[in-house]
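Single-letter residue listing:
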Amino acid sequence: MRPTEPSSVPGGLGWNRETAMLALLSFAMLIVSLDQYIVVVALPDIARDLGYSARTLQSVISAYAVASAGFLLFGGRAADLLGRRRILATGLALYAGASLAGACATGPGLLLTARAFQGLGGALVFPTTLALINTTFAEGPARNRALGIWGGAGAAGLVIGVLLGGVLTQAFGWQAVFLVNVALAGPALLLAFVLIPRDGAREKGRTFDLPGALSVTLGVTLIVFALVQGPGLGWLSPAVLVSATAGPLLIGAFVVIERRSSDPLMPPGLLSHSSLVTGVVIAFMFMATFGSVLYFLSVYFQEVLGYDALQTGAGFLIPTAVVVAGSTTAGRLVTRFGLRRTLAAALAIGALGALALALTISPDGTYAELVPGLVALSVGDGVVFTAMFIAAATGIPDRQQGIASGIASTASGVGAAVGLAVLVLVATAGLDGLSGERLRVATAEGISTALFFVAGGIVLTFLVALRRCPTPPEPHPVPVPYQTRRC
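Residues numbered from 1 in each chain as written. Predicted model: local features only at pLDDT ≥ 70, side-chain atom pairs only at ≥ 80, totals over all residues. Heavy atoms only, no water.

Caption draft 1: The overall build of the chain, seen in detail. Each helix and strand in the chain was counted, giving 16 helices and zero strands. On C-alpha atoms alone, the chain measures out to a radius of gyration of 21 Å, which is about the 23 Å that the 2.2 N^0.38 rule sets for 487 residues. In terms of principal-axis extent, the alpha carbons of the chain reach across some 70 × 45 × 40 Å. Across the 487 residues in the chain, those meeting the buried criterion constitute 57%. Contacts spanning at least 24 positions in sequence make up 84% of the contacts within the chain whose residues lie at least 6 apart. (Helix = DSSP H or I, 4+ residues; strand = E, 2+ residues; numbered from the N terminus. Rg over C-alpha atoms; globule rule 2.2 N^0.38 Å. Buried < 20%, exposed > 50% of the residue type's maximum accessible area, 1.4 Å probe, protein only. Contact = heavy atoms within 4.5 Å.)

Below, the structure is given as structure tokens:
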């Protein structure tokens, strides 16, 4: 599908049904992004009311992360084969229902189940919204601007989640961080049937490749589970060891199944697109670095500076505004300067921001001292979030946009799990046996060390962008179609 009412401004979005679709898809992306961190500020209240221990509390976050990362590839493929409107509506309905169940939870078991189903709903919504944008707007300036708006909503959702979580928890209690999802996802579900065209007939000869879908979904789920639960359960615990062993074996089985399938889940030529591979690598490294900072800042605000839930949420006002601005302008920057230059500049600024935060975080630090680093990091965060998905979509046929989106979003989900697992180990090394003021000081030092690692990871991502993303072609006397350009 392509826009039927183009804007009078080249590369513009115009005022038409496609623009309304974009608003809905961006809103849906905002909803699922919110939930990755909206519960962070509410965790102390949840632990007190539902009886979580210090060791098991982190599972409230990891249950969502594990389910989401494990099913993203499944969601992208389902969108291609079963219909994008159907999968989007299913994901939103599942998300709203699970959120309602979470708000009504009276014990840890029900809450963790609800969080897992929220993650499943998010895994259906995320790649489907991305695929719908990539098949609605033609590759080039129009798609870049559309992805800028979508990316702005997604990147902002990660930060707004912490802000909103603080406000809601302080005012209404932890249940509100779940009920707000019902209030947001319900209208989005209804609008999906109004604004998104009906799915066409299923293409003949295409199958779902159920063995491939099951093996890769379970394999990724087990790997992410091992990474997320390793720090809490212990890397040598039976559950972590079994997951860490079975996960790669299932990924290996997936590779074998794909080679023998008549209609593989992941088409064999898909990873020959250099832009997709670039987007996947950067998405992984982005979430392992930028995506982990919110968690550590939340801990720093509450455990070191002594902020309450509302103050912690307010601390993310500035990053939220900067992330939104960076993400929404990223599409125009890519159109004007090219993907390579845009990514390189944003990653350089983000690395400087992470370094500045690492140097200023201390037991006696102030919020004002953090602002320069927060602004620089958020600029890089916003621009890179959008640009990496522009890269992943470039040159991909419409019929494969769902699976391509699933691959890129799976990379981001696994990256988030890997990054947080590694950085938590770095930040918490030496904290055992400490309490009181000594624990507070050591916590600040550990977070500072983790942010130095984040800065180093962003520098590595910068090098990847320079190496993997080609320079735009030199001007040619005959206009070259945008679709022939790489990155």
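Next comes the rest of the description.
Caption draft 2: Summary view of the confidence of the model for the chain. Looking at the chain as a whole, the pLDDT averages 84, with 91% of positions reaching at least 70. Ranking the elements of the chain by mean pLDDT puts helix 11 (residues 309–314) last with 79 and helix 13 (residues 339–360) first with 95. Within the model, pLDDT remains below 50 along residues 1–14, and this stretch shows 35 contacts once partners closer than five positions in the same chain are excluded. Across residues 472–487 the pLDDT falls below 50, and counting only partners more than four positions away or on other chains, this stretch makes 16 contacts in the model. (pLDDT = per-residue confidence, 0-100.)

Caption draft 3: Highlighting the nonpolar core. In this structure, L111, W150 and F296 are the most contacted members of the largest nonpolar core, which totals 136 residues. With 16 residues, the top contributor of residues to this core is helix 10 (residues 274–304). L111 has contacts with I46, L50, Y52, V60, G102, A105, W174 and F178, leaving out every residue within four places of it along the chain. (Core = buried A, V, L, I, M, F, W, Y, C linked by side-chain atoms within 4.5 Å.)

Caption draft 4: Region of the structure containing the packing of helix 10 against helix 16 (residues 436–468). The N-to-C vectors of helix 10 and helix 16 enclose an angle of 165°; their axes lie 10 Å apart at closest approach. Comparing their axes, helix 16 and helix 10 come out roughly antiparallel. Crossing of helix 10 over helix 16 shows left-handed handedness. Residue composition of the contact of helix 10 with helix 16, by class: 19 nonpolar, six polar and three charged. (Axes fitted to C-alpha atoms, helices over the stretch in contact; angles between N-to-C directions. Parallel < 35°, antiparallel > 145°, perpendicular 65-115°, else oblique. Left-handed = near helix turned anticlockwise from the far one by under 90°. Nonpolar A, V, L, I, M, F, W, Y, C, P; charged D, E, K, R; others polar.)

Caption draft 5: Structural detail: a nonpolar patch on the surface. On the surface, a nonpolar cluster with roughly 510 Å² of combined accessible area is contributed by L352, L355, L359, F452 and F453. The set of elements that each furnish at least two residues to the nonpolar patch consists of helix 13 and helix 16. With respect to the helices, strands and loops of the structure, L355 is situated in helix 13. (Patch = residues over 30% accessible without salt bridge, like charges linked within 9 Å, V, L, I, M, F, W, Y side chains within 5 Å. Areas by Shrake-Rupley, 256 points an atom, 1.4 Å probe, with all protein chains shown as cover. Salt bridge = Lys/Arg side-chain N within 4 Å of Asp/Glu carboxyl O.)

Caption draft 6: Examining the environment of V464 more closely. Assignment of secondary structure puts V464 in helix 16. C-alpha separation for the pair V464 and G326, spaced 138 residues apart in sequence, amounts to 21 Å. Every residue in contact with V464, bar those within four places of it in the chain, is listed here: V281, I282, M285 and C469.

Caption draft 7: Region of interest: the packing of helix 4 (residues 84–103) against helix 7 (residues 176–195). Viewed as axis vectors pointing N to C, helix 4 and helix 7 meet at an angle of 160°, and their least axial separation amounts to 8 Å. Accordingly, the angle class assigned to the pair helix 4 and helix 7 is roughly antiparallel. Crossing hand, helix 4 versus helix 7: left-handed. Along the contact surface, helix 4 presents R85, L88, A89, L92, A93, Y95, A96, S99, L100, G102 and A103, while helix 7 presents F178, L179, N181, V182, A185, A188, L189, A192 and F193. Residue classes in the contact of helix 4 with helix 7 are distributed as 16 nonpolar, three polar and one charged.

Caption draft 8: Structural detail: the packing of aromatic side chains. On inspection of all chains with the given rule, the structure shows 14 aromatic pairs. With 6.0 Å between their ring centres and 85° between their planes, F71 and F74 make a pair best called edge-to-face. Of this pair, F71 and F74 both sit in helix 3 (residues 59–82), three residues apart, which is roughly one turn of the helix. Taken together, a centroid distance of 5.8 Å and an interplanar angle of 65° make the contact between F126 and F389 edge-to-face. Note that F126 is positioned in helix 5 (residues 108–136) and F389 in helix 14 (residues 367–393), a separation of 263 residues in sequence. Taking the relative accessible area as the measure of exposure, F126 reaches 9% and is therefore buried. Among the aromatic residues, ring-to-ring pairing joins F126, W150, F286, F290, F385 and F389 into one connected group. (Phe/Tyr/Trp six-rings, centres within 6.5 Å; stacked < 30°, edge-to-face > 60°.)

Caption draft 9: Fine view of the pattern of salt bridges. Taken as a whole, this structure holds seven salt bridges when the rule is applied. We note a salt bridge from D49 to R48, for which the minimum N-O separation is 3.7 Å. A relative accessible area of 43% places D49 in the partly exposed class. Owing to a relative accessible area of 57%, R48 belongs among the exposed residues under this scheme. One network of salt bridges, in which partners are shared, links D45, R48 and D49.

Caption draft 10: Fine view of the side chain of T129. Tracing the chain through its elements places T129 in helix 5. On the basis of relative accessible area, T129 is assigned to the buried category, the value being 0%. A polar side-chain atom of T129 sits 3.1 Å from a polar atom in the side chain of W150. The residues touching T129, leaving out its near neighbours within four places in the chain, are L25, A28, M29, L88 and W150. (Polar contact = N/O pair within 3.5 Å; in protein donor to acceptor, adjacent residues only side chain to side chain.)

Caption draft 11: Just the environment of G151, in detail. Position of G151 relative to the elements: it lies in helix 6 (residues 141–172). Using a relative accessible area of 0% as the deciding quantity, one classes G151 as buried. Between the alpha carbons of G151 and S327 there is a distance of 5.6 Å; along the sequence they are 176 residues apart. With residues near it in sequence (within four places) discarded, G151 still touches S327, F385 and T386.

Caption draft 12: Geometry of helix 15 (residues 401–428). In this model, helix 15 (28 residues) spans 40 Å end to end at C-alpha, consistent with the 40 Å of a helix rising 1.5 Å per residue. Within two residues after helix 15, G430 carries a phi angle of roughly 85°, on the positive side. (Expected span 1.5 Å × (residues − 1).)

Caption draft 13: How the structure looks around helix 9 (residues 238–260). Taking 1.5 Å of rise per residue, 23 residues should cover 33 Å, and helix 9 covers 33 Å from first to last C-alpha, within 8% of that figure. Among the residues making up helix 9, those that are buried are V240, S243, G247, F254 and E258. Residues of helix 9 that are buried in the fold lie against helix 8 (210–233).

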